[in-house]
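Structural overview
The residues making up each chain are set out below.
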Amino acid sequence: ASEFPLQKGPVTVLRIGESRDGASYRMLIIKGEAQDTEQLLHGNPLKVRFNRSASELVEKLIGSGFEHHYVMARGDISAQLKFMAAQLDLEVIEL
């Protein structure tokens, strides 16, 4: 397996999950900026700076009831994700 830090630059974090009442689905979108990252551990590490503190982000995620496991893409793909969410009739939550 190949291990290396991922590239710096804009990133988009995504999660599609059930609504709090379980009656529908919703899409979480978080934009961030990937930072230069050293090889801290096995795999492909990446430090990301978001527009809010880590504690505030965790509070919002847990308070909103979002499950664990997220997808991250290079670049700001939030416009494309919002378009997809509209086509699938998903509620969009941006943090």
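Below you will find a few notes about this structure. (Residues numbered from 1 in each chain as written. Predicted model: local features only at pLDDT ≥ 70, side-chain atom pairs only at ≥ 80, totals over all residues. Heavy atoms only, no water.)

Details of the overall build of the protein
Each helix and strand counted, the protein has two helices and five strands in total. Secondary structure elements of the protein, listed N to C terminal, follow the sequence β-β-β-α-β-α-β. Considering only contacts within the protein whose residues lie at least 6 apart along the sequence, 65% involve residues at least 24 apart. Here the protein displays about 6,500 Å² of accessible surface, and carbon together with sulfur accounts for 54% of that area. Measuring between centres, the 11 positive side-chain charges of the protein sit 4 Å from its 13 negative side-chain charges. (Helix = DSSP H or I, 4+ residues; strand = E, 2+ residues; numbered from the N terminus. Contact = heavy atoms within 4.5 Å. Areas by Shrake-Rupley, 256 points an atom, 1.4 Å probe, with all protein chains shown as cover. Lys, Arg positive; Asp, Glu negative; His and termini not counted. Charge placed at Lys NZ, Arg CZ, Asp CG, Glu CD.)

So, the layout of surface pockets
The space that makes up the largest pocket amounts to roughly 170 Å³. Around the largest pocket, the lining residues are Val 13, Ile 30, Val 48, Phe 50, Leu 57, Leu 61, Tyr 70 and Met 72. Per-class residue counts for the lining of the largest pocket are eight nonpolar, no polar and no charged. (1 Å grid on protein atoms, 1.4 Å probe; cavity = no way out; pocket = protein on both sides within 12 Å on 5 of 7 lines; lining within 4 Å. Points joined across faces, edges and corners; volume = space filled by probe spheres on them. Nonpolar A, V, L, I, M, F, W, Y, C, P; charged D, E, K, R; others polar.)

A short note on unusual backbone geometry
Unusually for a residue other than glycine, His 69 sits at a positive phi of about 80 degrees. The topology assignment puts His 69 in the loop between helix 1 (54–64) and strand 4 (71–74). In this structure, Asp 89 takes a positive phi of about 60 degrees despite not being glycine. For Asp 89, the location among the structural elements is in the loop between helix 2 (78–88) and strand 5 (91–94).

Examining the pattern of salt bridges
Applying the stated criterion to the full structure yields five salt bridges. When the shortest N-O distance is used, the salt bridge between Glu 67 and Arg 15 registers 3.2 Å. Highlighted residues: Glu 67 in the loop between helix 1 and strand 4 and Arg 15 in strand 1 (residues 9–18), separated in sequence by 52 residues. Overall, Glu 67 belongs to the partly exposed group, its relative accessible area being 27%. The exposure class of Arg 15 is buried, given its relative accessible area of 17%. Across the pair Lys 82 and Glu 94 runs a salt bridge, and its minimum N-O distance is 3.1 Å. Here the residue Lys 82 occupies a position in helix 2, and Glu 94 occupies one in strand 5, the gap between them amounting to twelve residues. (Salt bridge = Lys/Arg side-chain N within 4 Å of Asp/Glu carboxyl O. Buried < 20%, exposed > 50% of the residue type's maximum accessible area, 1.4 Å probe, protein only.)

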